[in-house]
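# Coordinate analysis (summary)
Here is what each chain is made of, one letter per residue.
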Amino acid sequence: MVDMATNAASGSALNPRGPKPKKVFSRANIIVYGTLFVVAVYYALPLYVMIVTSLKGMPEIRMGNIFSPPMEITFQPWVKAWQEACTGINCDGLSRGFWNSVRILIPSVIISVAVASVNGYALSMWKFKGSEVFFTILMIGAFIPYQVMLYPIVILLREAGLYGSLTGLVLVHVAFGMPINTLLFRNYFASIPDELFKAARVDGAGFWSIFFRIMLPMSLPIFVVSLIIQVTGIWNDFLFGVIFTSQDLYPMTVQLNNIVNSVQGVKEYNVNMAATLITGLVPLIIYFASGKLFVRGIAAGAVKG
Amino acid sequence: MALAEEASRKTTRPDAAPIRRPNRWLKNMTGKVAMLPMILTALVIFLGGTIWTIVYSFTDSGLLPRLRWNGLAQYERLWSSRKWLVSIENLALYGVLSVILTLFIAFTLAALLDRKIRFEDAFRTIFLYPFALSFIVTGLVWQWILNPEFGIQGIVRGMGWETFNFDPLYNPNIVMYGLLIAGLWQGTGLIMCIMLAGLRGIDDDIWKAARVDGIGTVKTYVVVIIPMMRPVFVTSLVLIGAGIVKLYDLVVAQTSGGPGISSEVPAKYVMNTMFGGQNLGQGFAASTMMMVMVFIILIPWAYLEFGGKKRG
Amino acid sequence: MKLTTKLLAATAIVSAGAAGATELEVMHWWTSGGEAAAVSKFAEAWDATGNTWVDGAIAGGGDTARPIMVSRILGGDPPAAFQFNHGRQAEELVEAGLILDITDVSEAEGWADIVTPSSLLDSCTYDGRVFCVPVNIHSWQWMWLSNGAYAAAGVPVPTNWGEFVSTAPALREAGIVPLAMGGQSWQQNGAFGVMALALAGKEAWLAVNQDKNAEVAMGPEYARVFEAFGAARELSTGLNVQDWNQATAAVIEGSAGAQIMGDWAQGEFAVAGSVAGTDYSCLPGLGEVALLDTGGDAFFFPVTGDPEIEAAQKELAALMLSPAVQVSFNSAKGSLPVRPDVDLTTVNECTQKGLDLLAAGSTVPAGTQLLSPDTVTQLNDLMTEFWSTPSMTVAEVQQQYSDIIADAD
């Protein structure tokens, strides 16, 4: 940008037109890309080990060289993880629970993100006496290891007649997703300038119309973050999915747990890695596809306009 | 606004019954109704669950919760347990380092990614994917990577540096750092995303103004941008803090609390006592103490956050 | 949900007209390939009676499975049967009246005369009533040795603990770790239990574990055990692994000399194609005492309040102890059957040693049958702390051990 200014200022007739081409190897670029690359190696290293291990046969793994690429590539572990691995006597791998996971994921994510966004919106712009107190109590929830709450919630659901049902599980996910996501939205909305809100009120807009017409479009990045948190948390959840449901509702993580966590049996590391990678694919796809929404200027534009 | 309406009505209806002040309960009804799920969850589940836990920590519940009081016995046993004391020390060390390093790494990465670089999607996914993978297996992989025989130490020694030492997981003094390496790997990606979302919400004009004023890039970040992102930092802090308190899966997967009990953490103490030792009372006592400690740290923050005026 | 149970019961009654076809959901933690093969023997046998086995497998051992089972019971939707280890884990559930009394099955089938050793049925008996059916025996009291490692060191394979210690320096010289041990606390406590029985003897061991006699725990027999345990600590340095099977792998490869581990370790040897006697040897009771401890698994049946399901549960209980099923299940699982009047189909040298000891009645109950899970957890913590803290002395750990025993219930 500084280059542009200098260019414009010189005004000589022999000036090349358009912005000065940035040197690819400019100092700033080297620092930026270099750092990113080095850091990316730290992040990517375990993934490399996992992929490489999942393509090896067990004898090769027993030899112990975790970083070396497979001498003979085999996709058998992946096939086994998906459709042959045994969960007790059911030997149909991860595929058994896949659709259950989807059935649990979709309502849980939609409802928890929706509720949290409304909570955050109401907490920052429609406060009432005592609302912050409830919010603080909610924040306690973020810090409790949720296993501690297992039995009281089992008893609660039993009394409500919801124990073992999909509804019960969705409610549990919504409840436990509330603290962090509400905080996320509340703090995001808190940083939106007051004038916007007041202008809308003067125009006569009410609670819901401000939310849908003004706040929602402005807060796409934070919706994406909330989506990421909830999709990851709910897709990877094991304990709630196995305790608050019944057999026919068990999510994929139950099969994953059975594949990787057998205590007294033989451990097939390649199948474990393949199974973990397969399970991680859904959140990964969402991460990658969400890039379009991490766009700058949505909020900025609204302020100016 | 309501009062103004009331006032105008009063002037036009002089013979009407005296107008009562608007019922405070009805004000902002939509807001209150919209927050109902949150209020119910907070009261019934979190407050109710917490009270239930505290009450049962004064019992001798074993496998099933039962109301057989035994006073402070669980707490006495808790505080005379070496494992518990080690857990707290470990968590304090891990917590402080995790907060500082996560914020630093996440912000730096977010700032770098924010600069309209190529392959942003790829980089962002690489930094974020650890968050997606279940910890049982990634913990195992880090265990392998940090293993002295066939992990990094082995490889570097094989390359010639015979005395290279990088064995955090089997050294009781530095095992928490080994855990930190994997923990940062898993947690920084999400914080980076939150910071990125926050950065993307900052008006371009701010940048232009800073440039016009001649402030260097790094200084702009530190002096101008970070203060503007205070809510984002608060959110990140809470997320990191919550993750630290709940630290359990990572420890089980990487070190099982070892060597010995040198990498035990409070959440693991709670879990092992509740389900392994089938001693709910002791587990509840431990989790109550965890909550007390969280309170002690949170109260000053809450006062700062909610005490003073916030908006505007 | 109560409604679902009622519906299930209603459907069961309707289909009961069609030759007693009841669906029973069975929860267990046998999830690996070999374990699954074993469980399928139960399922096949049950399905063959015209009923249906609905399998509910959750991996991770008791620590993961127990909260799930307890939650199902608390939530009012219990499985029809679930697996626990022999011992005291289900005590509270029985006391709370949540488990079905199957004394009538036991009497009808004559379990008191069949189940060997009788301690297995005793662990299932509370106040004179029988509440579970033991299905197999797994024993901790084994040391597995790599023939190849000892050949490489040029010494004969040890036949008892004393020889093991004396040949250790030769192994060290050959660059081999004498004792392979993983990093998880249950492994160290388990090894301690084996050494205690082997070196202190049956009486002292029973005095401490059964009678909770803290004086014996402080006494000279146990002092000897702790000395040996301290020595074992030295002999295990040099191998850094977490899981038990990684330690077994070291023995299989010959980079470690021996491992103290239960008989389930044979599964690892089998998968690697090692042959008992040729590639590896086994010492029950560390070669010092001819004793096996008899831990294993048992099935419990929650109360469902539905007579149809109750009848099916009792039928399943009887089936699990029947001769044919005992043979097929235990052969597949690599454990020992609980009745002596059967012949397993595949038996190698080591399993045969186990069977002989069983037949001779040389058994003790497992530590987990005698000690509560809380005590076991405390002991796990103590042993692993000792194992990885070289500065902790033998005297200190013995003192703390006897304190825990004194407090144990």
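Report follows, based on the coordinates. It should be emphasised that the depicted structure is a prediction, and the values quoted were computed from it without experimental measurement.

Cut-offs used in this document
- Residues numbered from 1 in each chain as written.
- Chains lettered and ligands numbered in written order.
- Predicted model: local features only at pLDDT ≥ 70, side-chain atom pairs only at ≥ 80, totals over all residues.
- Heavy atoms only, no water.
- Helix = DSSP H or I, 4+ residues; strand = E, 2+ residues; numbered from the N terminus.
- Areas by Shrake-Rupley, 256 points an atom, 1.4 Å probe, with all protein chains shown as cover.
- Salt bridge = Lys/Arg side-chain N within 4 Å of Asp/Glu carboxyl O.
- Buried < 20%, exposed > 50% of the residue type's maximum accessible area, 1.4 Å probe, protein only.
- Disulfide = S-S within 2.5 Å.
- Core = buried A, V, L, I, M, F, W, Y, C linked by side-chain atoms within 4.5 Å.
- Contact = heavy atoms within 4.5 Å.
- Patch = residues over 30% accessible without salt bridge, like charges linked within 9 Å, V, L, I, M, F, W, Y side chains within 5 Å.
- Axes fitted to C-alpha atoms, helices over the stretch in contact; angles between N-to-C directions.
- Parallel < 35°, antiparallel > 145°, perpendicular 65-115°, else oblique.
- Left-handed = near helix turned anticlockwise from the far one by under 90°.
- Nonpolar A, V, L, I, M, F, W, Y, C, P; charged D, E, K, R; others polar.
- Polar contact = N/O pair within 3.5 Å; in protein donor to acceptor, adjacent residues only side chain to side chain.
- Pairing = 2+ DSSP bridges.
- Expected span 1.5 Å × (residues − 1).
- Buried area = accessible area lost by both parts, 1.4 Å probe.
- 1 Å grid on protein atoms, 1.4 Å probe; cavity = no way out; pocket = protein on both sides within 12 Å on 5 of 7 lines; lining within 4 Å.
- Points joined across faces, edges and corners; volume = space filled by probe spheres on them.

The helix and strand tally for chain B stands at 15 helices and zero strands. Of the accessible surface of chain B, which amounts to about 14,400 Å², a share of 67% is contributed by carbon and sulfur atoms.

The subject of this paragraph is the pattern of salt bridges. Pairs may arise between side chains of opposite charge once their charged atoms sit close together. Evaluation of the coordinates by the stated rule reveals 19 salt bridges over all chains. Glu159 of chain A is the partner of Arg158 of chain A in a salt bridge, and the nearest nitrogen-oxygen pair spans 3.1 Å. According to the relative accessible area criterion, Arg158 of chain A is partly exposed, its value standing at 29%. According to the relative accessible area criterion, Glu159 of chain A is exposed, its value standing at 59%. Residue Arg72 of chain C is joined to Asp77 of chain C by a salt bridge in which the shortest nitrogen-to-oxygen separation is 3.6 Å. Overall, Arg72 of chain C belongs to the buried group, its relative accessible area being 1%. Counted as one network, the salt bridges with shared partners bring together Asp60, Arg66 and Arg68 of chain B together with Glu92 of chain C.

Before going further, it helps to spend a moment on the state of the cysteines. Residue and element names in this part refer to chain C. All told, the structure shown has two disulfides over all chains when counted by the stated rule. Here Cys124 connects covalently by a disulfide to Cys132, the sulfurs 1.7 Å from one another. In this structure, the disulfide formed by Cys124 and Cys132 twists by about -100 degrees around the S-S bond and is classed as left-handed. Each member of the pair, Cys124 as well as Cys132, is classed as buried. Shown here is the disulfide that connects Cys282 with Cys350, its sulfur atoms set 2.0 Å apart. An S-S torsion of about -100 degrees defines the bridge between Cys282 and Cys350 as left-handed. Of this pair, Cys282 sits in strand 10 (residues 280-284) while Cys350 sits in helix 18 (residues 349-359), placing them 68 residues apart in sequence. Each of the two residues, Cys282 as well as Cys350, counts as buried.

On to the nonpolar core, then. By size, the foremost hydrophobic cluster in this structure holds 207 residues, and its most contacted members are Phe244 of chain A together with Phe127 of chain B. At 16 residues, helix 9 (residues 175-200) of chain B tops the list of elements feeding residues into this core. In contact with Phe127 of chain B, other than residues within four places in its own chain, are Leu36, Val39, Ala40 and Tyr43 of chain A together with Leu109, Leu113, Gly189 and Met192 of chain B. In terms of nonpolar packing, the next biggest core, distinct from the first, is built from 117 residues, Ala45, Val135, Ile260 and Phe329 of chain C among them.

Before going further, it helps to examine a nonpolar patch on the surface. A cluster of nonpolar side chains, contributed by Leu156 of chain A together with Leu36, Leu40, Leu43 and Val44 of chain B, occupies part of the molecular surface with about 420 Å² of accessible area. In terms of residue count, helix 3 (residues 36-56) of chain B provides more of the nonpolar patch than any other element does, four residues in total. Checked against the element boundaries, Leu43 of chain B lands in helix 3.

This next bit is on the packing of helix 10 (residues 185-200) of chain C against helix 13 (residues 220-235) of chain C. Residues and elements named next belong to chain C. Axis separation between helix 10 and helix 13 bottoms out at 9 Å; the angle between their running directions is 135 degrees. Between helix 10 and helix 13, the angle is such that the two are oblique. As helix 10 runs across helix 13, the sense of the crossing is right-handed. For the pair formed by helix 10 and helix 13, the contact residues are Gln188, Phe192, Met195, Ala196, Leu199 and Ala200 on the first element and Glu221, Tyr222, Arg224, Val225, Phe226, Ala228, Phe229 and Ala232 on the second. When its residues are assigned to classes, the contact of helix 10 with helix 13 shows eleven nonpolar, one polar and two charged.

With 100 residues of chain A at the contact, the number on the chain B side is 102 residues. Between chain A and chain B we count zero salt bridges in total. Here chain A and chain B share twelve residue pairs in polar contact (both at pLDDT 80 or more) between them. A per-element tally of the side of chain A that touches chain B places helix 2 (residues 27-54) of chain A first, with 16 residues. A breakdown of the residues in the side of chain A that touches chain B according to their chemical character gives 71 nonpolar, 22 polar and seven charged.

Turning next to the sheet that holds strand 12 (residues 297-300) of chain C. Residue and element names in this part refer to chain C. With respect to topology, five strands assemble into an open sheet ordered 2-1-3-12-6, the strand pairing being mixed. If you trace the sheet from one side to the other, it starts and ends with strand 2 (52-57) and strand 6 (132-134), each paired once. Taking the axes of each pair of neighbouring strands and ignoring which way they run, one obtains an average angle of 25 degrees across the sheet. Examined bridge by bridge, strand 3 (residues 81-85) and strand 12 share four bridges and lie antiparallel to one another. Across the sheet, Phe82 pairs through a bridge with Phe300, a residue of strand 12. With respect to the sheet, helix 16 (residues 307-320) is in contact with strand 1 (23-28), strand 2, strand 3, strand 6 and strand 12, its orientation differing from that of strand 1 by roughly 55 degrees.

This part covers the packing of helix 14 (residues 269-289) of chain A against helix 7 (residues 135-145) of chain B. Put simply, helix 14 of chain A and helix 7 of chain B touch, their axes get as near as 10 Å, and they point 130 degrees apart. The orientation of helix 14 of chain A with respect to helix 7 of chain B, classified from their angle, is oblique. Our pair here, helix 14 of chain A against helix 7 of chain B, has a crossing hand that is left-handed. Each of Tyr269, Asn272, Met273 and Thr276 of chain A in helix 14 of chain A lies in contact with helix 7 of chain B, whose residues at this interface are Val137, Leu140, Val141 and Trp144 of chain B. Looking at the contact of helix 14 of chain A with helix 7 of chain B residue by residue, the class counts come to six nonpolar, two polar and no charged.

On to helix 10 of chain C, then. Residue and element names in this part refer to chain C. Here helix 10 is 16 residues long and its end C-alpha atoms lie 22 Å apart, about the 22 Å a rise of 1.5 Å per residue gives. The element helix 10 is extensively covered by neighbouring structure, given that 14 of its 16 residues are classed as buried. One or two residues past the end of helix 10 sits Gly201, with phi positive at roughly 90 degrees.

Accessible area lost upon the coming together of the parts serves often as the stated size of an interface. Chain B puts 28 residues into the contact, and the matching count from chain C is 28 residues. Buried area between chain B and chain C, both sides added, is near 2,400 Å², and the carbon and sulfur share of it is 47%. Viewed at the interface, chain C and chain B are joined by four salt bridges. Of the charged contacts, one joins Glu385 of chain C and Arg82 of chain B as a salt bridge, the two residues approaching to 2.5 Å between their closest N and O atoms. Connecting chain B to chain C are 17 residue pairs in polar contact (both at pLDDT 80 or more). Put simply, the parts of the chain that give the side of chain B that touches chain C at least two residues each are helix 5 (82-113), helix 7 and helix 14 (266-276) of chain B. Here the side of chain B that touches chain C is composed, by residue class, of eleven nonpolar, twelve polar and five charged.

Time to look at the pairing of strand 3 of chain C. All names here are of chain C. Most of strand 3 sits inside the fold, with four of its five residues counted as buried. Two elements, strand 1 and strand 3, share two bridges in a ladder whose sense is parallel. By the bridge assignment, Met27 is partnered in strand 3 with Phe82.

Right, let's get into empty space enclosed by the protein. All names here are of chain C. One pass over the full model with this rule turns up five cavities of 30 Å³ or more. For the second largest cavity, the calculated volume is near 60 Å³. If you trace the second largest cavity, you find it lined by Ser139, Trp142, Asp263, Gln266, Leu292, Gly334, Leu336, Cys350, Thr351 and Gly354. A per-element tally of the lining of the second largest cavity places helix 18 first, with three residues. Across the lining of the second largest cavity, the residue classes tally to four nonpolar, five polar and one charged.

Shape is all these values report; function is a separate question.
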